[in-house]
Amino acid sequence: MNRRTFLKASGAAALLPLCPRELRAGSPARRLRPSDADWPSKEAWKKLNDAVGGNLIPVDFPLAACTSQPDSTSCKELFKNLKNPYYIGDQPGLTQTLGWIDAWTTKPSVYAIAARNAQDIAAGVNFARAHNLRLAVKGGGHSYQGTSNAPDSLLIWTRHMHDITMHADFVPHGCKPAPQRAVTLGSGTIWMQAYGAVTTEAGAYVQGGGCTTVGVAGLIQSGGFGSFSKHYGTAAAGLLEAEVVTADGEIRIANACTNPDLFFALKGGGGGSFGVVSKVTLRVRELPEFAGGAFFNVKASSDDAFRRLIRQFIGFYRDALFNDHWGEQAHVSSDNTLNISMVSHGLSTEEAKKVWQPFLDWLAKSPRSYTIGVPPIVIGIPARHWWDAEWHKEQHHDVFKTDPRAGAKPNNVWWNGDSGQAGWVIWAFESLWLPASLLKDDSQERLAKALFSASRHAEVELHFNKGLAGAPPEAIAAAKDTAMNPDVTDAFALAIVADGQGPAYPGIPGHEPNMAAGHRAAADVHRCMNDLRALVPNGGSYVSESNFFERGWQRSYWGTNYERLRRIKKKYDPAGLLFVHNGVGSEDWSRDGFSSR
Ligand SMILES: Cc1cc2nc3c(=O)[nH]c(=O)nc-3n(C[C@H](O)[C@H](O)[C@H](O)COP(=O)(O)OP(=O)(O)OC[C@H]3O[C@@H](n4cnc5c(N)ncnc54)[C@H](O)[C@@H]3O)c2cc1C
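Below is a short write-up of the structure. As the structure is a prediction and not an experimental result, all values here were calculated from the model.

**Comments concerning the side chain of Lys-466**
Phase 1: Checked against the element boundaries, Lys-466 lands in the loop between strand S20 (460–463) and helix H15 (473–480).
Phase 2: The class of Lys-466 is buried, set by a relative accessible area of 8%.
Phase 3: The contact partners of Lys-466, leaving out residues within four places of it in the chain, are Phe-225, Trp-433, Val-488, Leu-494, Ile-496 and Glu-545.

Structural data, given as structure tokens:
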């Protein structure tokens, strides 16, 4: 007797219906909304609430009150709170991005399960499947494309699942014993919590994301890059094991030895498509003595001087920075400014200064052409304190913003650089992996020209840590064993061009998205990126940081891995219960995931 037969025989099937209507032949191809006659009854919702220990909640939409009273004190307070990613993360009815013009707008689910464990998740998955509901899954809520947001849906919300366990000798279930250091994280953990436990407390390293408030399960399923990915590789490549509830309601273990196909898909195949993850176990690595970076900006006095500056920087990058020590960003701006905000791994202040000195000397030779905004900061600090908010405070380092709410935990902090994205509305966002072949001697001029012409339209951000060329062979090999587009392993950087505005919401007087400015910006962003695409026809793009309207997204996000992912999707979720915009298998559904095509 298998588990399903047993449950039916035992009468438990009445609580958790296991015979999904849409899995039968001739099944309905339209999911239910609250206005539909078949929408679950109050009694059915009550049973679900009982099954999840009273953790089914009707979802409140904090912005609703502002529509009628935009000038009220509470509305003003709300718009202040929308600049705080911790506040947003604590609301089941909000997302970190409030919308994307002409694409999506945040709207709450009808009910959310504030899940505590895999059993709660399984109850939600079974209920959604049995009642033919649209299911949404949200962790940190950082999806730019709104994939954790679905009005008229049942939401599984993992915010409270943030248990953290360190292991000295972890062996993935069913694998030969080769114990290694690891950490198990509840799927609602955000990276700041993970770094606090693994780095600040335990003096070790786990590969996660750059933004401190991103959720672990969402990032890993995207591939996931952090500031030090040029050394350690992607977050997905560090996944050793996941506990995951698949569309049939089974709680499964996925690792290299058990359900290896599902494991592959979870490593970069896109969040919310293959199952609902309840726990992840990740490799724990050695922490170097130092972490640091270089931070300054240079303004060129003319277009010609800026062209020379870009060309010089590319050569300098290839010769001095194209290695596993240097990640994060350089921005090439329309006002002829080059902004450097790069992060180093394993270099002391002296070592890092030595690296940058030739470039700074080159700038100093042309004082009339180049002005450095503020004295360059080139620094190495004890790596153990990288995410230690208390230590940075003691050192008077103004690097973090702090959750101002009464009673907030002291390590509820986020990097100053991520502030602009809390509660923002996106006007445009595009990305492209730039292959390392562009750094060859005979290609550098072409790259410099394209960057200059692209920057006439919008600011180009080069994220060096989001391309793995220059990383150690082990990191590249591990990334090749994930579902991400293999382009990532040949790329020296991910170019990102994006624009948006601070918190805004349609229908709230005084806070409406600026559509005219947004459309202008979108056209500029597209023109800008097209100048780079001319260098890399058919180049790939990072699923989590890309265009909502990405053309040929299957190839862009997953390249040659797409067909394999499609087969895995069909195996574990044949009826497409788990739908996200431009996710694997989403081509079978309408844009909102309610009707099959
Ligand atoms: C301000 C900001 C900074 C960012 N910085 C980085 C960065 O440094 N590096 C980087 O690589 N990316 C970055 N991103 C992108 C980010 O990693 C992805 O959007 C990621 O998917 C977010 O995960 P989340 O849990 O926070 O978001 P959510 O919106 O909650 O989830 C994202 C997707 O994963 C799914 N999902 C979430 N939890 C689960 C689960 N338990 N099981 C199954 N599916 C789940 C959701 O359904 C959704 O489709 C950033 C995004 C923002 C907004």
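**Some points on the packing of aromatic side chains**
Phase 1: Considering all chains together, one arrives at 38 aromatic pairs under this definition.
Phase 2: Ring geometry for Tyr-205 versus Trp-387: centroids 6.3 Å apart, planes at 35 degrees, classification tilted. Here Tyr-205, found in the loop between helix H7 (191–201) and helix H8 (216–222), pairs with Trp-387, found in the loop between strand S16 (377–382) and helix H13 (389–394); they are 182 residues apart in sequence, far enough to count as distant. You'll find Tyr-205 and Trp-387 in the same group, each marked buried.
Phase 3: Clustering of aromatic rings is evident, with ring pairs tying together Phe-296, Phe-313, Phe-316, Tyr-317, Phe-322, Trp-326, Trp-356, Phe-359, Trp-362, Tyr-370, Phe-464 and Phe-492.
Phase 4: Taking NZ or CZ as reference, Arg-33 lies 3.7 Å from the ring centre of Phe-594, over its face.
Phase 5: Arg-456 extends its terminal NZ or CZ atom over the ring of Phe-452, reaching a point 4.0 Å from the ring centre.

**Focus on the sheet that holds strand S4 (residues 111–114)**
Phase 1: On the basis of which strands lie adjacent, the open sheet formed by four strands has the order S1-S4-S6-S5 and mixed pairing. In this open sheet, the two edge strands, each paired with only one partner strand, are strand S1 (56–58) and strand S5 (135–138). Between one strand axis and the next, the sheet turns through 25 degrees on average, direction left out of account.
Phase 2: Of the strand pairs in this sheet, S5 and strand S6 (residues 154–157) are connected by four bridges, and their pairing is parallel. The residue of S6 that forms the bridge with Lys-138 is Trp-157.
Phase 3: Strands in contact with helix H2 (residues 42–51) are S1, S4 and S6; relative to S1, the strand with the most contacts, it is inclined by about 130 degrees.
Phase 4: Against the sheet, helix H6 (residues 118–131) makes contact with S4, S5 and S6, and its axis sits at roughly 165 degrees relative to S6, the strand it touches most.

**What to know about the site of the ligand**
Phase 1: Taken together, 32 residues sit near the ligand, with Val-137, Gly-139, Ser-148, Phe-225 and Tyr-542 positioned nearest.
Phase 2: The backbone of Gly-215 places a nitrogen or oxygen atom 2.8 Å from an oxygen atom of the ligand.
Phase 3: Val-277 places a polar main-chain atom, nitrogen or oxygen, 2.8 Å from a nitrogen atom of the ligand.
Phase 4: Taking 950 Å² as the accessible area of the ligand by itself, protein coverage stands at 96%.
Phase 5: If you list the elements that add at least two residues to the shell around the ligand, you get S5, H8 and strand S11 (276–283).
Phase 6: The biggest single contributor to the shell around the ligand is H8, with five residues.
Phase 7: Here the shell around the ligand is composed, by residue class, of 11 nonpolar, 19 polar and two charged.

**Thoughts on the pattern of salt bridges**
Pairs can form between side chains of opposite charge once their charged atoms are near each other.
Phase 1: Applying the stated criterion to the full structure yields 25 salt bridges.
Phase 2: Here Glu-430 makes a salt bridge to Arg-533, at a shortest N to O gap of 2.5 Å. Here Glu-430, found in strand S19 (residues 425–435), pairs with Arg-533, found in helix H17 (residues 515–533); they are 103 residues apart in sequence, far enough to count as distant.
Phase 3: When its relative accessible area of 3% is taken as the criterion, Glu-430 is described as buried.
Phase 4: It is possible to trace a salt-bridge network through shared partners that takes in Asp-90, Arg-159, Asp-403 and Arg-405.

**Concerning the state of the cysteines**
Phase 1: Under the counting rule described, the total for this entry stands at two disulfides.
Phase 2: The disulfide partner of Cys-66 is Cys-75, and the S-S distance across this bridge is 2.2 Å. Between Cys-66 and Cys-75 the sulfur-sulfur dihedral comes to about 125 degrees; the bridge is accordingly right-handed. You'll find Cys-66 and Cys-75 in the same group, each marked buried.
Phase 3: Through a disulfide, Cys-175 is tied to Cys-257; the S-S separation comes to 2.0 Å. Taking the torsion about the S-S bond as the criterion, the Cys-175 to Cys-257 disulfide, at about 110 degrees, is right-handed.

Rules behind the numbers
- Residues numbered from 1 in each chain as written.
- Predicted model: local features only at pLDDT ≥ 70, side-chain atom pairs only at ≥ 80, totals over all residues.
- Heavy atoms only, no water.
- Helix = DSSP H or I, 4+ residues; strand = E, 2+ residues; numbered from the N terminus.
- Buried < 20%, exposed > 50% of the residue type's maximum accessible area, 1.4 Å probe, protein only.
- Contact = heavy atoms within 4.5 Å.
- Phe/Tyr/Trp six-rings, centres within 6.5 Å; stacked < 30°, edge-to-face > 60°.
- Lys NZ or Arg CZ within 6 Å of the ring centre and 35° of its normal.
- Pairing = 2+ DSSP bridges.
- Axes fitted to C-alpha atoms, helices over the stretch in contact; angles between N-to-C directions.
- Near = heavy atom within 4 Å.
- Polar contact = N/O pair within 3.5 Å; in protein donor to acceptor, adjacent residues only side chain to side chain.
- Areas by Shrake-Rupley, 256 points an atom, 1.4 Å probe, with all protein chains shown as cover.
- Nonpolar A, V, L, I, M, F, W, Y, C, P; charged D, E, K, R; others polar.
- Salt bridge = Lys/Arg side-chain N within 4 Å of Asp/Glu carboxyl O.
- Disulfide = S-S within 2.5 Å.

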